[in-house]
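Okay, here's what each chain looks like letter by letter:
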Amino acid sequence: MTWKTSNKPGKIEKFYWHCKSSAFAMKPECQFMEPGDFYSEEEILHYSNSNAIKKMQEKLTLQAIELLNSNTNSFFLDLGCGNGFSTQVLEELGFKVKGIEIMPGFVELAKQKTLDVQQGDFTKKLPFKENQFDYLISISALQWAFCQKNETQIKKLAGLIACEFSRILKENGKACIQFYPDSEKQLNAIIDGFTKNFFVKTTILNPQNARKRKIFLLLSKQAFAE
Ligand SMILES: C[S@@+](CC[C@H](N)C(=O)[O-])C[C@H]1O[C@@H](n2cnc3c(N)ncnc32)[C@H](O)[C@@H]1O
């Protein structure tokens, strides 16, 4: 495994992206404007019944938890939680966890697993109190918010999302976001938006391999120790 980390916004170097492939173009976020345009009832069931997807979501969730270096008894919010693959990992590790998900069909399936999940949109005002969570986690969901937007729109939206994330996080809170930006330019615009409210550390797993590349943003309300 290769990890590259940078805590300097705007410094994600070009070579990380030199092999940008058509892999991203195949992703639904590139073909559909909204999650609701893609996640039909059938697609929700296909996603929820796929063992390969479950395993990948569990693996990414464990990697995000490792980056957060979280304390036991912490309170997590899982944003874009789908049917709760990631939420369940957190719950099984003994964390208190809530989930928020835009698609009612996924919310229903998560509730059937007795997970504490509610319907909501993470690009809007979040239905939670100030300083409620120790950690936020979001696995493979955030790219939906930024597809098909220009740089100015991306920075503005990332700023608004960061503002809400910061509001619901405790003073020493952190967020870990794994997602699939479609270009280096888009990634840097998102980081720019987030730096209004957070110190940002970027971790890239398999930076040279477009298919296997995984990007995690670690957001902290307090400066990272050097
Ligand atoms: C890959 S899926 C689910 C990933 C989840 N970590 C899991 O364990 O299955 C990404 C999810 O993000 C949700 N999503 C996309 N945009 C959203 C938004 N603005 N607010 C809430 N959920 C959103 C989608 O509906 C979808 O269920």
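Residues numbered from 1 in each chain as written. Predicted model: local features only at pLDDT ≥ 70, side-chain atom pairs only at ≥ 80, totals over all residues.

Concerning the packing of helix α8 (residues 151–168) against helix α9 (residues 184–194)
In a pair of packed helices, the angle between the axes and the distance between the axes together describe the arrangement. The cut-off we apply is this: Axis definition: a line fitted to C-alpha atoms, over the contacting stretch in the case of helices. Angles run 0 to 180 degrees between N-to-C directions. The way it works is that DSSP assigns letters per residue, a run of H or I at least four long becomes a helix, a run of E at least two long becomes a strand, and they are numbered from the N terminus. Each angle receives one of four descriptions, namely roughly parallel if under 35 degrees, roughly antiparallel if over 145, roughly perpendicular if within 65 to 115, and oblique otherwise. Handedness of each helix crossing follows the sense of rotation of the near helix against the far helix: counterclockwise by less than a right angle gives left-handed, clockwise gives right-handed. Throughout, a residue-residue contact means that the two C-beta atoms, derived from backbone geometry, are no farther apart than 7 Å. Gly counts as polar in this scheme, as do all residues outside two lists: the nonpolar Ala, Val, Leu, Ile, Met, Phe, Trp, Tyr, Cys and Pro, and the charged Asp, Glu, Lys and Arg.
Between α8 and α9, the least distance of the axes is 7 Å, while the angle of their chain directions is 40°. Here α8 lies oblique to α9, going by the angle between them. In this structure, α8 crosses over α9, and the sense of that crossing is right-handed. Here Glu 151, Ile 154, Lys 155, Leu 157, Ala 158, Gly 159 and Ala 162 of α8 come into contact with α9, specifically with Lys 185, Gln 186, Ala 189, Ile 190, Asp 192, Gly 193 and Phe 194. Across the contact of α8 with α9, the residue classes break down as seven nonpolar, three polar and four charged.

A closer look at the nonpolar core
The condition that has to hold: Nonpolar cores are built from buried Ala, Val, Leu, Ile, Met, Phe, Trp, Tyr and Cys residues. These are joined into a set through C-beta atoms within 7 Å. Remark: C-beta atoms are placed from the backbone, and a residue is labelled buried if 20 or more other C-beta atoms sit within 10 Å of its own, exposed if 12 or fewer do, or partly exposed between those counts.
One finds Leu 136 and Phe 194 to be the most contacted residues of the largest nonpolar core, which totals 58 residues. Once you skip the residues sitting within four places of it in the chain, Leu 136 turns out to touch Leu 77, Leu 79, Phe 165, Leu 169 and Ala 175.

Structural notes on the site of the ligand
Just so we agree on the cut-off: We call a residue near a molecule or strand if the C-beta atom, set from the backbone, is within 6 Å of it.
In the vicinity of the ligand there are 22 residues, among which Gly 80, Gly 82, Phe 85, Ile 102 and Ala 141 approach most closely. For the shell around the ligand, the secondary-structure elements that each account for two or more residues are α5 (85–92), β3 (96–101) and α7 (143–146). Taken together, the residues of the shell around the ligand sort by class into 13 nonpolar, seven polar and two charged.

Regarding the environment of Leu 60
Relative to the helices and strands, Leu 60 resides in helix α4 (residues 51–68). Remark: the alpha-carbon pair of Leu 60 and Ser 138, spanning 78 residues in sequence, is separated by 9.8 Å. Non-local contacts of Leu 60, meaning those with residues more than four positions away in its chain, are made with Ile 139, Ser 140, Gln 178 and Lys 214.

A few points about helix α6 (residues 104–112)
Along α6, the residues classified as buried are Gly 105, Phe 106, Val 107, Leu 109 and Ala 110. Turning to α6, the residues buried within the fold contact α3 (41–49), α5, β3 and β4 (117–119).

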